[in-house]
Amino acid sequence: MWEVALPERPLQLPGVQLAGFRDRGVVPIDLRVIPQPAVSLALEFGSGMPFVEQDGGWQLRGSIVAGLGAGASGAVRVRGGSYEGVQVRLSPLVVRAALGVSPAELDGAVFGLEELWGREASRIREGLDNASTWEQRFALTDALLARRIAEGPAVDAEVGWAWRRIVASQGVVKVEGLATEVGWSRKRLWARFQAQIGLPPKRAANLVRFDHAVHRLTAGEPAALVAAESGYADQSHLHRDIVARTGATPGTVVGDPWLEVDDVAWSD
């Protein structure tokens, strides 16, 4: 379904991943947005313009930003055809600097990029459209994000450390102990973490846990083993979590193109 391009050179920006996507036109685009522990940008260009559709008929066209955990309950889909774009995955640690808003302000929703970047969104679209290769497009995107991140505010070191601990543990760290480990009160860490990451620590850990588990299922691992090793009480607990987050059963989700492409586009 897709032509997927990756940067030939490693990016210099921590917390940023880039991939290029071009729709091959085999079938019309109809993708369920699966929640993930990252903020995503879809920087579209070219003649096609797919749209994001949410329950209730709300639609959004053009370049978009999907907040941390966007797509809960299967409420968001990408539809249309002839899509070309550079997709960016941002760690919550760099979102505030890169986008000019905190992940908490995005609140897991989907926005038009122009709402956040104004005319700069139109300029990057024009630059991507005029570029002749994926490497040129990656360089343009990388340079833009590098400038914005360099000029923007950083998260507190303690918040960054707590987020990295959650990610490194694949979501099964004991979040109650994080405040002690960074030397803050629980109240202070929870408030700063939610303001700067976009979710309180426990919900952030649960999202990371879900993301890790659902990718293991997509890779063909047995559900009982995944549940046992991913911090779920049992296989039924894992099943309920997937249904709640995606609006679909595990058997449906594991064949979803949104997840299957990850091994190619976001393998690191």
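Treat the numbers as computed from the prediction; the structure is a model and nothing was measured. (Residues numbered from 1 in each chain as written. Predicted model: local features only at pLDDT ≥ 70, side-chain atom pairs only at ≥ 80, totals over all residues. Heavy atoms only, no water.)

**Some remarks on the overall build of the chain**
Then comes step 1: When helices and strands are tallied, the chain shows 14 helices and 10 strands.
Then comes step 2: A globule of 268 residues ought to have a C-alpha radius of gyration of about 18 Å, and the chain, at 18 Å, matches this closely.
Then comes step 3: Residues counted as buried form 51% of the 268 residues belonging to the chain.
Then comes step 4: Long-range pairs, those at least 24 residues apart, make up 73% of the contacts in the chain between residues at least 6 apart in sequence.
Then comes step 5: Summed over its atoms, the accessible surface of the chain is roughly 12500 Å², and 50% of this surface lies on carbon and sulfur atoms.
Then comes step 6: In the chain, 28 positive and 32 negative side-chain charges are present, and the distance between their average locations comes to 6 Å. (Helix = DSSP H or I, 4+ residues; strand = E, 2+ residues; numbered from the N terminus. Rg over C-alpha atoms; globule rule 2.2 N^0.38 Å. Buried < 20%, exposed > 50% of the residue type's maximum accessible area, 1.4 Å probe, protein only. Contact = heavy atoms within 4.5 Å. Areas by Shrake-Rupley, 256 points an atom, 1.4 Å probe, with all protein chains shown as cover. Lys, Arg positive; Asp, Glu negative; His and termini not counted. Charge placed at Lys NZ, Arg CZ, Asp CG, Glu CD.)

**Section: the sheet that holds strand 3 (residues 29-32)**
Then comes step 1: If you trace the 4 strands from one edge of the open sheet to the other, you get 3-8-5-6, paired in antiparallel fashion. Here the strands that pair on one side only, and so sit at the sheet edges, are strand 3 and strand 6 (58-61). Taken pair by pair, the neighbouring strands of this sheet meet at an average axis angle of 20°, ignoring direction. (Pairing = 2+ DSSP bridges. Axes fitted to C-alpha atoms, helices over the stretch in contact; angles between N-to-C directions.)

**Regarding the sheet that holds strand 1 (residues 2-5)**
Then comes step 1: The strand order 1-2-9-4-7-10 describes an open sheet built from 6 strands, whose pairing is antiparallel. The open sheet has two edge strands with one neighbour each: strand 1 and strand 10 (110-112). Adjacent strand axes in the sheet meet at a mean angle of 20°, parallel and antiparallel pairs treated alike.
Then comes step 2: As paired strands, strand 1 and strand 2 (residues 16-23) are joined by 4 bridges and run antiparallel to one another. Bridge pairing in strand 2 links V4 to F21.
Then comes step 3: Each of strand 1, strand 2, strand 4 (39-45) and strand 9 (84-90) is contacted by helix 5 (residues 134-151), which is oriented at about 145° to strand 2, the strand it contacts most.

**Concerning the nonpolar core**
Then comes step 1: If you look at the biggest cluster of nonpolar residues, it comprises 84 residues, and the most contacted ones within it are V16, L41, V88, L90 and L99.
Then comes step 2: Among the elements that make up this core, the one with the highest residue count is helix 9 (residues 201-218) (8 residues). (Core = buried A, V, L, I, M, F, W, Y, C linked by side-chain atoms within 4.5 Å.)

**Brief notes about unusual backbone geometry**
Then comes step 1: Positive phi outside glycine occurs at D107, with the angle close to 55°.
Then comes step 2: Positionally, D107 belongs in the loop between helix 2 (103-106) and strand 10.
Then comes step 3: Unlike most non-glycine residues, Q170 shows phi in positive territory, near 60°.
Then comes step 4: Inspection of the secondary structure puts Q170 in the loop between helix 6 (157-168) and helix 7 (178-182).

**Let's talk about a nonpolar patch on the surface**
Then comes step 1: Taken together, the side chains of M1, V26 and V27 present a nonpolar region at the surface, about 260 Å² in accessible area.
Then comes step 2: Tracing the backbone through its elements, the reader meets M1 in the segment before strand 1. (Patch = residues over 30% accessible without salt bridge, like charges linked within 9 Å, V, L, I, M, F, W, Y side chains within 5 Å. Salt bridge = Lys/Arg side-chain N within 4 Å of Asp/Glu carboxyl O.)

**Here we look at the packing of aromatic side chains**
Then comes step 1: In total, this model carries 4 aromatic pairs according to the counting rule given.
Then comes step 2: Arranged with centres 6.2 Å apart and planes meeting at 80°, the rings of W2 and Y83 form a pair that is edge-to-face. Separated by 81 residues along the polypeptide, W2 in strand 1 and Y83 in the loop between strand 8 (76-80) and strand 9 bring together distant segments of the chain. In this pair, the class of W2 matches that of Y83, namely buried. (Phe/Tyr/Trp six-rings, centres within 6.5 Å; stacked < 30°, edge-to-face > 60°.)

**Examining helix 6**
Then comes step 1: Helix length check: helix 6, at 12 residues, gives a terminal C-alpha distance of 16 Å against a target of 16 Å (1.5 Å per residue), a fit within 8%.
Then comes step 2: For helix 6, the full list of buried residues reads V159, G160, A162, W163 and I166. For helix 6, the angular spread of the buried residues around the axis is 165°, confining them to a single face. Along helix 6, exposed side chains directed more than 90 degrees from the buried face belong to A157, R164 and A168.
Then comes step 3: Against the buried residues of helix 6 lie helix 1 (92-99), helix 7, helix 8 (186-197) and helix 9.
Then comes step 4: Downstream of helix 6 by one or two residues, Q170 has phi in the positive range, about 60°. (Expected span 1.5 Å × (residues − 1). Arc of directions from axis to C-beta.)

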